[in-house]
Amino acid sequence: MAAKKSILDLQKMKKDGVKLTWLTSYDYPTSVFAEKAGIEMLLVGDSMGMCVYGYSAGTLPVTMDQCIVHTEAVRRGAPNTFVVGDMPFLSYQTTSAEAVKNAGRFYKEAGVDAVKLEGGRRIIDMVKAIVNAGMVVCGHIGLTPQSSGQIGGFKAQGLTAESAHELIKDARAIQEAGTAFLLLEAVPPEVGQLITKDLKIPVYGIGAGPYVDGQLLIVSDMLGIFQAFTPKFVKKYANLADHIMKAMEDYAKEVKESKFPEDKHCYKMIEGEFGKMMKILEKKE
Ligand code: KIV
């Protein structure tokens, strides 16, 4: 098994042009599979709001306590993988002290290797405070789901010169504040490439084209489990929904038709014990 990556490895990979593989994960079994498959980084994303909890309000209702419970499970499943805890809405936007306290919970309670915060220049103070407390921070700019209301929904960013320029200013500011790496979401490849070249820190993308230092996908999207909508940047590497539906329908049919369980699924009583039990019952009656 490959050794767990450190931020020094991430920097070296950028320097050497080696791409990083990154997936979200929310639970123990998925994390076991991811680590075995050699995925190098896991994000316990607040996308759990949609992918696990089915909230119609998306990521906004997700709490710190939910994130901690899921991150603990991910850490147990992938002890040798770099795990990033995603700071949920209002766990860091209020004050720097609150941001440090909540980032610290990810470290102390769930054993993360980094925490991720959405936003550029407007969260600089919180980023600095978390970094000053000795933690590793991943920035996240572009489409930022926690503030998607302000940008009119889950919309690609950086499509105009002005908007791309704002993103570059955010990326530089977030690097300057001490983030160890940056996630760019839903921007054109040219913008992904420009920011990746411009920054010294690794820049990873989800929907940011091929020229970034590594790729992130949401595990429920790439496995074909999440059904509500599919963003343009998703490639489905499997269609597990079909397999899950078929297995459940087959099971229901076999139960109704008394085809399950078969003899091989049943425990055997020790030879002669059933007869003895019947005699005990007869005596008592
Ligand atoms: O919560 C999450 O999974 C994320 C991705 C959308 C980048 O932040």
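Bear in mind that the values here come from a model prediction, so they are computed numbers and not experimental data.

**Comments concerning the site of the ligand**
The full set close to the ligand counts 13 residues, and G45, D46, S47, D86 and K116 are the nearest of them. A distance of 2.5 Å separates an oxygen atom of the ligand from a polar atom in the side chain of S47. At a separation of 3.0 Å, an oxygen atom of the ligand approaches a polar side-chain atom of D86. Within the complex, 96% of the 260 Å² of free accessible area of the ligand lies under protein.

**Observations regarding the domain arrangement of the protein**
When its domains are assigned, the protein resolves into domain 1 (7-238) and domain 2 (243-284). Between the C-alpha centres of domain 1 and domain 2 the distance comes to 48 Å.

**Considerations on the environment of M13**
Mapped onto the elements, M13 comes out in helix 1 (residues 7-16). Between the alpha carbons of M13 and G214 there is a distance of 9.4 Å; along the sequence they are 201 residues apart. Non-local contacts of M13, meaning those with residues more than four positions away in its chain, are made with K5, V18, K19, L20 and E40.

**Here we look at the side chain of D221**
Inspection of the secondary structure puts D221 in helix 9 (residues 219-222). Despite its burial, D221 remains without a salt bridge, the nearest opposite charge being carried by K236 at 7.1 Å.

**What to know about the packing of helix 4 (residues 64-77) against helix 5 (residues 96-110)**
Orientation of helix 4 relative to helix 5, taken along the N-to-C sense of each, is 35°, at an axis distance of 9 Å. As helix 4 packs across helix 5, the resulting crossing turns out to be right-handed. Along the contact surface, helix 4 presents M64, D65, C67, I68, T71, E72 and R75, while helix 5 presents N102, R105, F106, E109 and A110. Split by residue class, the contact of helix 4 with helix 5 holds 5 nonpolar, 2 polar and 5 charged.

**Observations concerning the packing of helix 2 (residues 28-37) against helix 4**
Between helix 2 and helix 4, the shortest axis-to-axis distance is 7 Å and the interhelical angle comes to 35°. With respect to the hand of their crossing, helix 2 and helix 4 are arranged in right-handed fashion. Of helix 4, the residues touching helix 2 (which contributes Y28, S31 and V32) are A73, V74, R76 and G77.

**Concerning the nonpolar core**
Among the nonpolar cores identified, the biggest contains 67 residues, and W22, L117, F181 and I195 are the most heavily contacted of them. Ranked by the residues each element gives to this core, the list is headed by helix 7 (residues 161-176), at 5 residues. Sequence-distant contacts of W22, that is, excluding residues within four places in its chain, are made with I39, M41, L42, L43, V84, C138, F181, L183, Y204, Q215, L216 and L217.

**Observations regarding the layout of surface pockets**
Over the atoms, a rolling probe the size of a water molecule traces out where space has been left empty. Taken as a whole, the largest pocket encloses approximately 560 Å³ of empty space. Around the largest pocket sit 32 residues that line it, and L143, E185, I206, P231 and F233 are the ones nearest its centre. Of all the secondary structure elements, the ones that give two or more residues to the lining of the largest pocket are helix 3 (48-51), strand 4 (114-118) and strand 6 (181-185). Split into classes, the residues belonging to the lining of the largest pocket amount to 19 nonpolar, 6 polar and 7 charged.

**Regarding the side chain of Q157**
With respect to the secondary-structure elements, Q157 resides in the loop between strand 5 (137-142) and helix 7. Among the residues examined, Q157 registers a relative accessible area of 18% and is labelled buried. Ignoring anything within four residues of it in the chain, the contact list for Q157 reads G142, L143, I151, S163, L167, A186, V187 and P188.

**Here's the deal with unusual backbone geometry**
The linkage connecting F260 with the following residue, P261, adopts the cis geometry, with an omega of 0°. Take P261: it is sitting in the loop between helix 10 (240-256) and helix 11 (273-284). Its identity as a non-glycine residue notwithstanding, A186 has a phi of 55°, on the positive side. Of note, A186 is situated in the loop between strand 6 and helix 8 (189-198).

Rules used throughout
Within each chain, residue numbers correspond to sequence positions counted from 1 in written order. At least 70 in pLDDT is required for a residue's local features to be given in this predicted model, at least 80 for side-chain atom pairs to be given and counted, and no such filter applies to totals for whole chains, interfaces and linings, which use all residues. Side-chain calculation: all heavy atoms of the structure are included, whereas hydrogens and water are not. When we say a residue is near a molecule or strand, we mean one of its heavy atoms is within 4 Å of it. Two N or O atoms count as a polar contact when they lie within 3.5 Å, although within protein this holds only if one can serve as hydrogen donor and the other as acceptor, and sequence-adjacent residues are included solely when both atoms are side-chain atoms. Using the Shrake-Rupley algorithm and a 1.4 Å probe, accessible areas are obtained, with residue cover drawn only from the displayed protein chains. Here the limits of each domain have been adopted from an automatic or database domain assignment. Secondary structure elements are taken from DSSP: a helix is a run of H or I of four residues or more, a strand is a run of E of two residues or more, and numbering for both begins at the N terminus. Throughout, a contact is declared for two residues whenever any of their heavy atoms are within 4.5 Å. Using a 1.4 Å probe on the protein chains alone, a residue whose accessible area is under 20% of its type maximum counts as buried, one over 50% counts as exposed, and one in between counts as partly exposed. Only four residue types enter the charge count, namely Lys and Arg as positive and Asp and Glu as negative; His and the chain termini do not. Every case where a carboxyl oxygen of Asp or Glu lies within 4 Å of a side-chain nitrogen of Lys or Arg is listed as a salt bridge. Axis definition: a line fit to C-alpha positions, over the contact stretch in the case of helices; interaxial angles, taken between N-to-C directions, run 0 to 180 degrees. Crossing handedness is defined as follows: a turn of the near helix away from the far one that is anticlockwise and smaller than a right angle gives a left-handed crossing, while the clockwise case is right-handed. Any residue that is not Ala, Val, Leu, Ile, Met, Phe, Trp, Tyr, Cys, Pro, Asp, Glu, Lys or Arg is counted as polar, Gly included; the first ten are nonpolar and the last four charged. Note on terminology: a nonpolar core comprises buried Ala, Val, Leu, Ile, Met, Phe, Trp, Tyr and Cys residues joined through side-chain atoms within 4.5 Å. Grid points spaced at 1 Å and placed over the protein atoms alone form the basis of the search, with a cavity being a set where a 1.4 Å probe fits but cannot get out and a pocket an open set showing protein on both sides within 12 Å along at least five of seven lines. Lining residues have an atom within 4 Å of a point. Grid points are joined across faces, edges and corners, and a volume is the space filled by probe spheres set on the points.

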